[in-house]
Amino acid sequence: MQSIVPIKNYNKLFLKKLMKAVEENPASPQLGPIFLEICSFLKVYTVYVQHYEIAFCTLRELTRNNPEFARWIVKGSELPECHGLDIFSFLIMPVQRIPRYVLLLQNLVKHTPKEQKDYPQLLEALAKMKMVAEHINEKKRDADAIAKVNEIERALSGKFIDPVLNCPRNLTQPQRRFVHQGTVQVRESKGLLVRHLILFNDVVLETKIHSKSAAHSLQSSKNTGYKLLSTASLIEASVAAESADDLGFLFTTTKKVFACTCTSVKARDEWVAKLRKAILQLRDLQESIHSRHATNDLL
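Q: Would you mind showing me how to read the state of the cysteines here?
A: By definition, a disulfide links two cysteine residues through a covalent bond between their sulfur atoms. Going through the model one piece at a time under the given rule, you end up with zero disulfides. Free cysteine: Cys 262, not disulfide-bonded; nearest cysteine sulfur from Cys 260 at 6.8 Å. Judged by relative accessible area, Cys 262 falls into the buried class, the value being 6%.

Here is the structure:
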């Protein structure tokens, strides 16, 4: 992973500055300015964190399927400089680094006298470090949501028809994000039909899971196949729970009304909340785009 190189370089610089501060003033080193300075560079961890899961899964598959590679991993962990840690332990260290910096700064702020010169800088560094951590987490969630769209597309049988453009298109699009999925019963003229709904930030897919065994692994679509039945846009859509005690909800689109029944009130409430949020966010995005276009027309 090429992203480890800048991480290594920044940490070498960070360590050098910390050691110098301790050497110059062992009793009361001025750490606030150093943490404040390094905060600006710590977003370099973003790319590494986004690709960590892929790297981990690749290594895991190699160790499971390649005995020679597995023996090499064990042999490496026995080197004195590894202190008994294997490659998986080292792989996760950069992922854990920023949260640990947050904890370290919290402790520094807690145990640093308020009258100390660098106390305000420690407070500022803590606030910035929390922002960096949230930025990295947000980008990780975004990357995971994009990867999930691609994973579902690979598991999908049937041609995806864009419900807005009304033409065949790849499910994976730059702006599309996975939101939620689950199996519900949909009331139709034929009766109650088991359907697996997949919610993205702009469309909903109505599908059937290929096999009964696949229904037990809804958290991952890697071993699950979906037969695409229909697509529905979230534009001008609405959602409502049928009643407080009922397990059903109505998801209304311009093309179809989905009368769904869930297995529990909790599942129903989750669907209603996620659909409502996705619909509102899409509406806000459209209004923002229209507003920008109107402003540009006036200029």
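Having seen the structure, we can now continue with the description.
Q: Would you mind going over the side chain of Thr 112 with me for this structure?
A: Tracing the backbone through its elements, the reader meets Thr 112 in the loop between helix H5 (87–111) and helix H6 (119–155). Here Thr 112 falls in the buried class, since its relative accessible area comes to 11%.

Q: Is there a simple way to explain the pairing of strand E10 (residues 257–261) in this structure?
A: Looking along a regular strand, one sees side chains alternate from face to face of the sheet. Pairing of strand E4 (residues 178–188) with E10 involves two bridges; the strand directions are antiparallel. Within E10, the position partnered with Gln 185 by the bridge is Thr 261. Relative to E10, strand E9 (residues 248–252) runs antiparallel, the two being bridged by five bridges. When the sheet's bridge partners are listed, Thr 252 is paired in E10 with Val 257.

Q: Is there a simple way to explain helix H3 (residues 45–65) in this structure?
A: Along an α-helix, residues three or four positions apart point the same way, because every turn accommodates 3.6 residues. For H3, which comprises 21 residues, the first-to-last C-alpha distance of 30 Å matches the rise-based estimate of 30 Å (1.5 Å per residue) to within 8%. In H3, a bend of some 45° at Tyr 52 exceeds every other bend along the element. Of all the positions in H3, only Tyr 45, Thr 46, Tyr 48, Val 49, Tyr 52, Ala 55, Cys 57 and Leu 59 are classed as buried. Contact partners of the buried residues in H3: helix H1 (4–24), helix H4 (67–77), H5 and H6.

The rules behind the values
Residues numbered from 1 in each chain as written. Predicted model: local features only at pLDDT ≥ 70, side-chain atom pairs only at ≥ 80, totals over all residues. Heavy atoms only, no water. Disulfide = S-S within 2.5 Å. Buried < 20%, exposed > 50% of the residue type's maximum accessible area, 1.4 Å probe, protein only. Helix = DSSP H or I, 4+ residues; strand = E, 2+ residues; numbered from the N terminus. Pairing = 2+ DSSP bridges. Expected span 1.5 Å × (residues − 1). Bend = angle between axes of the 7 residues up to and from the residue. Contact = heavy atoms within 4.5 Å.

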